[in-house]
Amino acid sequence: MNPGAASSQVGERQEECGNNGVESRGMNGAVPVETRTSVVHGGRGSLDTSTVSSDERDLDCIEINVEPVCVRGGLYEVDVKEKECNPVYWKQQDHIPVMRGQWFIDGTWLPLEEEESDLIEQEHLNHFRGQQMQDTFETDLVVRTVDSKDAIHSLKLSRTHVDWHSVDEVYLYSDATTSKIARTVTQKLGFSKASSSGTRLHRGYVEEASPEDRPPHTTHVVFVVHGIGQKMDQGRIIKNTGMLREGVRKMEEKHFSEHNDEHVEFLPVEWRSKLALDGDTVDSITPDKVRGLRDLLNSSAMDIMYYNSPLYRDEITKGLTQELNRLYTLFCSRNPEFEERGGKVSIVSHSLGCVITYDIMTGWDPVRFCQQEHHAVEEELDLRWLSFEERHLLEQLRVTRTRLRELENQLLTLEASKPSAPPALKFKVENFFCMGSPLAVFLALRGIRPGTSCHQDHILPTTICSRLFNVFHPTDPVAYRLEPLLLKHYSNIAPVQIHWCSATNPTSYDEVRPTFLNPVKDPTSDTESIPSPSTSPVLPRRHYGESITSLGKASILGAASIGKGIGGILFSRFSRSNSQPSVSLGLDGGANTEEEEQKRTESQSAYGLSTMIRPTSPTTDTSLELERRIDFELREGLVESRYWSAVTSHTGYWCSHDIALFLLTFIYKQKTPPSDPTEDTPDPD
């Protein structure tokens, strides 16, 4: 197993072992020829160590370095020597014990305990060495009954005993009092001992491994980023990713069985536990009363305050960036063919993780944003009430700043000629799935306003990420919509409904027609329009106007309108300083030759004050339609309580098979040219 470490010691025993016909060499192997594998069930048996002399005890003392064996698609590796299974891409406190199976129970094919199995194996080899066994298991044939008199050998164990009737007919019996009584009664009734209370054992497993059992090479890696609350429940993202992976595997077997040459792997990204942040300062200032509730808030909601703090924000973004790059580098080192075969990477983020991941991909910097705002305020400084001396000093200051900007522009010109700085992530993101995301609120507070762009580039340039998805449950209190930040009238267009995993031949998501939440009112009429079947959302659930949710939506929309009005007043000075309309980046969705520079420079203007449009603008064109939809909504259950689901929906995405099928639909989706947005105009009638 390790010729370099063991050859010298084994070589010393070669002459001694040679008398017994033992050939010593490195294993593949260092194990003697006669001791490789007995001819059992076509090679399913264990090692025939009967020919090894008493020196095998000394061989066990040889220090052998065994390379770990990858299992479960490469997510885990087994230390054969220590008999432990450990995850590769994340840390786990509890080690998974590994047991070597030699003897298996007929029917269930569960292995016996290793201690009993070793005793049975040793006894079996001592008495049946060299005898031929059948090559295949005839599980469909009725096993002939054997009488206790046919037993040619028996082995007494602690609570059981084993009878050999032939080399391949071995039965296990319990020595409990009740079992003995039952055997006596059944034998007096004419039943054999084996058929009445015996359990047949098989040496080796029922199925033989084959090269076809190897899973296909991974063609798509999905990093799963958690949100708040990991400090409270460490390792939760690992469990959540496991549930998501399990659901994906079921959906693959049901809906994507033809993709035999493709494989999607999900890897959890745990970034919270490695952060120091403030240490225990917040815990030390927390009052003792209602301590449980306070600790709950400190371990969950406090992450939002940490991220909004200029002191700890960089630590969080750097921590997540380093963990994403570490996992990608580790995966590529263990799968060198991934990049060669053009493997792709997607990210699934939850809650606050969506905002952090978005900022990492776009390079959004709050310090630069504040500097832009500061310059805009200085340009509109009121000079009417200043004295002559103050005006003179301000004029000199203005000239100095102008000169400083000229020097900065010259420096930027020189830096532009140099190779652009590498992106924060070592990979390009193909799909960015946001689940239960408050990203829209963060963007709105940063000054993003709806414009006339029908493309995702207004929020996230396609040169950074090919496709953006905002997935949410309708009662998730943390989730917000993104589409109204692109086109304002989409606040009245229902999100795309995610198909049930049990649906047959559902409509393609790209072909779903936009449907209005509320009918468009006739401007000449003062009465409320009555919803009609053609204008209500095409989904098997209650209409928004028929439940209390409509009241909540109305209040939220009303508050949002007031907030937008106030925001328009507060930011009017900035909008006046920018006479140009909103500009979207990369309208054609094609590749940009200055891709990295766009990440660092133009992306900032797209997320800054220059994209704001007055919310009261009367020029909103409701005929515009998004090139590709962004908001996708889970369907509500028929008997689902909205009040209860408001509590559980934010953490219920991981076990949803609808979500699993939705992810696979776009991961396995073939590239098709987008349809002409002018063809599918939402028709309120």
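Anyway, here's the lowdown on the structure attached to this text. (Residues numbered from 1 in each chain as written. Predicted model: local features only at pLDDT ≥ 70, side-chain atom pairs only at ≥ 80, totals over all residues. Heavy atoms only, no water.)

This brings us to the nonpolar core. Phe 223, Phe 427, Phe 432, Ile 459, Leu 460 and Leu 482 are the most contacted members of the largest nonpolar core, which has 62 residues in total. No fewer than three residues from each of domain 1 (67–100) and domain 3 (220–379 + 422–515 + 625–667) sit in this core. Membership of the second largest hydrophobic core comes to 33 residues, among which are Val 264, Leu 634, Leu 661 and Tyr 668. (Core = buried A, V, L, I, M, F, W, Y, C linked by side-chain atoms within 4.5 Å. Buried < 20%, exposed > 50% of the residue type's maximum accessible area, 1.4 Å probe, protein only. Domains from an automatic or database assignment.)

Within the fold, Thr 218 resides in the loop between strand E9 (199–203) and strand E10 (220–225). According to the relative accessible area criterion, Thr 218 is buried, its value standing at 10%. With residues up to four places along the chain from it excluded, the contact list for Thr 218 reads His 263, Glu 265, Phe 331 and Phe 338. (Helix = DSSP H or I, 4+ residues; strand = E, 2+ residues; numbered from the N terminus. Contact = heavy atoms within 4.5 Å.)

Attention shifts here to the pattern of salt bridges. Taken as a whole and judged by the stated rule, the model has 21 salt bridges. Residue Asp 314 is joined to Arg 313 by a salt bridge in which the shortest nitrogen-to-oxygen separation is 3.9 Å. The residue Glu 483 makes a salt bridge to Arg 481 at a minimum N-O spacing of 2.8 Å. With relative accessibility at 0%, the residue Glu 483 sits in the buried group. Owing to a relative accessible area of 18%, Arg 481 belongs among the buried residues under this scheme. Salt bridges sharing common partners tie together Arg 245, Arg 249, Glu 252 and Glu 265. (Salt bridge = Lys/Arg side-chain N within 4 Å of Asp/Glu carboxyl O.)

For the rest of this paragraph, the subject is the environment of Ser 349. Positionally, Ser 349 belongs in strand E12 (residues 344–350). Note on Ser 349: relative accessible area 0%, which makes it buried. Considering only alpha carbons, one finds Ser 349 and Met 435, 86 residues apart in sequence, at a separation of 6.2 Å. Those residues in contact with Ser 349 that lie beyond four places of it in its chain are Val 225, Cys 354, Thr 357, Phe 432, Phe 433, Cys 434 and Met 435. Reaching out from Ser 349, the side chain makes a polar contact with the side chain of Thr 357 at a distance of 3.1 Å. (Polar contact = N/O pair within 3.5 Å; in protein donor to acceptor, adjacent residues only side chain to side chain.)

To continue, consider the sheet that holds strand E2 (residues 76–79). Read across the sheet, four strands follow the order E1-E2-E3-E4 without closing on themselves; strand pairing throughout is antiparallel. Of all strands in the sheet, those with a lone pairing partner are strand E1 (69–71) and strand E4 (96–97), marking the two edges. Note that E1 and E2 share three bridges and pair antiparallel. Within the sheet, the bridge partner assigned to Val 69 lies in E2 and is Val 78. (Pairing = 2+ DSSP bridges.)

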